[in-house]
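Given next are the chains, with one letter for each unit.
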Amino acid sequence: AKGAGRGQWRRYEATLHAAVLQRLELRAALDRAAADQDFTLEYQPIVEMASGRTVGFEALVRWRHPALGLVPPDEFIDIAEETGLIEAIGDFVLRQAVGAASQWSKQNGAQQDGTQKDRAQPYVSVNVSARQFRSPGFVTKVRQELADAGLPPSALMLEITERLLLRDDEQVWHDLTCLREHGVRIAIDDFGTGFSSLSYLRQVPIDVLKIDKSFTATVASSARQQAIVDGIVRLAQTLQLDAVAEGIETAADRDLLCDLNCPYGQGFLYSKPLRLDDAVEWLRFENDA
Ligand code: C2E
Ligand code: CA
Ligand code: CA
Ligand code: CA
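Residues numbered from 1 in each chain as written. Chains lettered and ligands numbered in written order. Predicted model: local features only at pLDDT ≥ 70, side-chain atom pairs only at ≥ 80, totals over all residues. Heavy atoms only, no water.

As annotated in an unreviewed UniProt entry, the protein chain carries the name GGDEF domain-containing protein and comes from Phytohabitans aurantiacus.

Quick look at the structure:
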């Protein structure tokens, strides 16, 4: 038994070393990637569920690693946040995303037949980590990017997490208010998974609640899950916030969320995250329909 235990430890130690090594390597590689801007964005449609119309896209970053291929953000955002690289990555993401929105806006303004269709400009929704939001000059940067692109602030939504609101931080509060007064919309991402002290909702300056996909994924499975989602949607309504359900994978998910009066949804049922040229195609197809 003792021998087996030691064997187990060795195995454990080996995996531990591998994990630490991997993390160090990842960190070094990420350093290089940030310098070379080896990142790309994908855009996932956000849909008004009742009409099926695309109202915006969430920008999702991918790291183009020479050997590993496209590395998903869950595997590097935390490290980037720890090392501070998130600020450089975040700047890049913001600029690309605003550039994409300006492309959609031109596309929307000028139809192929030369006519103008009366459609709202699709917005781009950008994930902003706490460290990035707190970095000096963030608000100025956002306003500058919009001005440079000639975009109205309503073309941009920023997704923050409950973590940013956890501390009673006057600067964060002030910056959120500034951005909103400017016309940029603010969403709480992964709503309900965080530290969920609901007290911040009493007064925090936000516009949208994004219902985490862990709730959406199970909504069809039980009355309990439905009650939770129902509660979140009602809360949003009462506070005059728009609700967006993430992770809509099946028609059953969509129908249930529609029945619960959740107005907006996003997920594989509608589309996976798309490369920019495919997002442009997606809008063109919808505009022509
Ligand atoms: P998130 O903000 O909650 O983004 C939604 C995630 O769900 C995305 O994963 C998306 O690809 C995935 N997803 C979309 N539809 C479905 C569906 O129907 N089913 C399931 N199971 N998943 C779906 P992704 O792109 O891997 O991003 C993971 C997380 O990384 C994001 O979660 C976000 O927290 C973070 N992230 C992504 N891009 C950025 C960024 O530019 N900056 C920062 N700070 N974080 C980012
Ligand atoms: Ca998000
Ligand atoms: Ca989310
Ligand atoms: Ca998340």
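Caption draft 1: Fine view of the coordination of the calcium ion (ligand 3). On the protein side, the calcium ion (ligand 3) has D189 (OD), D190 (OD), E246 (OE) and E246 (OE) as donor atoms, found 2.0 to 2.7 Å from it. The sequence motif formed by the donor residues of the calcium ion (ligand 3) is D-D-x55-E. In this structure, the calcium ion (ligand 3) is positioned 4.1 Å from the calcium ion (ligand 2), and both are ligated by D189. Taken as a pair, D190 in strand β6 (residues 185-191) and E246 in the loop between β8 (242-245) and α10 (251-259) lie far apart in primary sequence, 56 residues in all. (Donors = N, O, S within 2.8 Å, 3.2 Å for Na, K, Ca; no water. Helix = DSSP H or I, 4+ residues; strand = E, 2+ residues; numbered from the N terminus.)

Caption draft 2: Structural view of the coordination of the calcium ion (ligand 2). Listed as protein donors to the calcium ion (ligand 2) are E58 (OE), N127 (OD1), E159 (OE), D189 (OD) and D189 (OD); their distances from the metal cover 2.1 to 3.2 Å. Classification of the site at the calcium ion (ligand 2) rests on its six donor atoms, whose angles at the metal span 44 to 177 degrees, yielding the label irregular. Each donor residue of the calcium ion (ligand 2) belongs to the same chain, and together they define the spacing E-x68-N-x31-E-x29-D. By relative accessible area, N127 is classed as partly exposed at 30%. (Tetrahedral: all angles 85-135°; square planar, octahedral: opposite > 155°, others 65-115°. Buried < 20%, exposed > 50% of the residue type's maximum accessible area, 1.4 Å probe, protein only.)

Caption draft 3: Region of the structure containing the nonpolar core. Formed by 77 residues in total, the largest nonpolar core has its most connected members in F39 and W104. Leaving out residues up to four positions away in the same chain, F39 has contacts with L30, A33, A34, V61, R62, W63, R64, F76, I89 and F92. Judged by nonpolar contacts, the second largest core, of eight residues, contains V55, Y123, M157 and A187. (Core = buried A, V, L, I, M, F, W, Y, C linked by side-chain atoms within 4.5 Å. Contact = heavy atoms within 4.5 Å.)

Caption draft 4: Inspection of the layout of surface pockets at higher detail. Considering only enclosed or pocket space, the largest pocket measures out at about 1,200 Å³ in volume. Broken down by secondary-structure element, the contributors of at least two residues to the lining of the largest pocket are β2 (53-65), α2 (77-83), α3 (86-109), β4 (123-127), α4 (130-134), α6 (162-166) and β6. For the lining of the largest pocket, the element with the most residues is β2, which contributes five residues. (1 Å grid on protein atoms, 1.4 Å probe; cavity = no way out; pocket = protein on both sides within 12 Å on 5 of 7 lines; lining within 4 Å. Points joined across faces, edges and corners; volume = space filled by probe spheres on them.)

Caption draft 5: How the structure looks around the pattern of salt bridges. On inspection of all chains with the given rule, the structure shows 15 salt bridges. A salt bridge links R53 to E48; the nearest nitrogen and oxygen atoms lie 4.0 Å apart. Since its relative accessible area comes to 28%, R53 is described here as partly exposed. Taking the relative accessible area as the measure of exposure, E48 reaches 26% and is therefore partly exposed. With a closest N to O distance of 3.1 Å, D91 and K141 form a salt bridge. Linking D91 in helix α3 with K141 in helix α5 (residues 138-149), this pair joins segments that are 50 residues apart in sequence. Residue classification places D91 among the partly exposed residues on the basis of a relative accessible area of 30%. (Salt bridge = Lys/Arg side-chain N within 4 Å of Asp/Glu carboxyl O.)

Caption draft 6: Region of the structure containing the packing of α5 against helix α7 (residues 170-182). Where α5 contacts α7, the axes come no closer than 10 Å and their chain directions differ by 15 degrees. Between α5 and α7, the crossing angle belongs to the class labelled roughly parallel. Handedness of the α5/α7 crossing: right-handed. Along the contact surface, α5 presents F138, V139, V142, R143 and L146, while α7 presents D175, C178, L179 and H182. Within the contact of α5 with α7, the residues separate by chemical class into six nonpolar, one polar and two charged. (Axes fitted to C-alpha atoms, helices over the stretch in contact; angles between N-to-C directions. Parallel < 35°, antiparallel > 145°, perpendicular 65-115°, else oblique. Left-handed = near helix turned anticlockwise from the far one by under 90°. Nonpolar A, V, L, I, M, F, W, Y, C, P; charged D, E, K, R; others polar.)

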